[in-house]
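# Survey of secondary and tertiary structure
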Amino acid sequence: MSNQVSTVAVGTLNALRRTPVRDSDFRRAAGAFPTGVAVVTAVATDGARVGLTVNSFTSVSLDPPLVLVCVHRQAPSLAVIEGGRRFGISILAKSQRTLALRFAKPAEDKFAGLSWRVGVLGVPLLDGAVAHVECILARILDGGDHKIVIGHVQRARTYTGEPLVFHRSGFA
């Protein structure tokens, strides 16, 4: 019986390899996992501030303290993060949905009219966030249509409030 099972399992695996997962199926499956929402920020060599909304942020290690964020290869902020070698992460509060939407779209100055502060590494941090994490770039890895940005945490602060959550293609 075990030979039959392993023959069926191998046949199933071979069939799966020939039939790639559909983008829509993968998006729905990934979207079933609730995530927090954060804004990653950096400063260009000319002093221009950049930022983008991410929901792919996680801790990697406590010793040394490492985090990762995934950034689309075409995101203009990626080159600034690579060049500046420092970045900040503002983990958004439930009340900051408009900030998540603002930083998810291209704009000349996403920080105009916002309340923010400069962190110890010189990166912008959004006021009202439930946490701030400041990093020095440790490594960038290939991740398909994204780059996996690993940061060595230099400072982390938490504040009161509930986090903004993204689930099934919308804010929860």
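Each remark here, short or long, concerns the structure printed above.
How each quantity is defined
Residues numbered from 1 in each chain as written. Predicted model: local features only at pLDDT ≥ 70, side-chain atom pairs only at ≥ 80, totals over all residues. Heavy atoms only, no water. Salt bridge = Lys/Arg side-chain N within 4 Å of Asp/Glu carboxyl O. Helix = DSSP H or I, 4+ residues; strand = E, 2+ residues; numbered from the N terminus. Buried < 20%, exposed > 50% of the residue type's maximum accessible area, 1.4 Å probe, protein only. Pairing = 2+ DSSP bridges. Contact = heavy atoms within 4.5 Å.

## Structural notes on the pattern of salt bridges
- Applying the stated criterion across every chain, the model contains five salt bridges.
- Salt-bridge contacts for Arg28 lead to Asp25; the nearest nitrogen and oxygen are separated by 2.7 Å. One end of the pair, Arg28, and the other, Asp25, are both in helix α2 (residues 23-31), three residues apart, so they sit about a helical turn from each other.
- A relative accessible area of 53% means that Arg28 is categorised as exposed.
- A residue is classified by how much of its surface remains accessible, and Asp25, at 29% relative accessible area, is partly exposed.
- Here Asp142 and Arg73 are joined by a salt bridge, their closest N and O atoms 1.8 Å apart. Residue Asp142 is found in strand β9 (residues 131-143), and its partner Arg73 is found in the loop between β5 (65-72) and α3 (76-84); the two are separated by 69 residues along the sequence.
- Given a relative accessible area of 34%, Arg73 falls into the partly exposed group.

## Description of the sheet that holds strand β1 (residues 35-36)
- The antiparallel open sheet is built from three strands, whose spatial order is β1-β11-β12. The open sheet has two free edges, formed respectively by β1 and β12 (170-171), since each of these has just one partner strand.
- Sheet topology note: the β1/strand β11 (residues 165-167) ladder contains two bridges and is antiparallel. Within the sheet, the bridge partner assigned to Thr35 lies in β11 and is Phe166.

## Regarding the environment of Val43
- Inspection of the secondary structure puts Val43 in strand β2 (residues 38-43).
- Sequence spacing of Val43 and Gly84 is 41 residues, and the spatial spacing of their C-alpha atoms is 6.6 Å.
- Residue contacts for Val43: discarding those within four places in its chain leaves Ala48, Val80, Gly122, Val123 and Pro124.

## Considerations on the pairing of β5
- Relative to β5, strand β4 (residues 57-62) runs antiparallel, the two sharing five bridges. Bridged to Phe57 within β5 is Val69.
- Turn length for the β4-β5 hairpin, with the two strands adjacent in sequence and antiparallel, is two residues.
- Pairing of β5 with strand β10 (residues 146-158) involves seven bridges; the strand directions are antiparallel. Note that in β10 the partner of Leu66 across the bridge is His152.

## Some points on the pairing of β10
- By the bridge criterion, 12 bridges tie β9 to β10 in an arrangement that is antiparallel. Pairing of Gly143 across the sheet is with His146, part of β10.
- Here β9 folds back onto β10, and the loop between the two strands holds two residues, one of which, Gly144, carries a positive phi near 70°.

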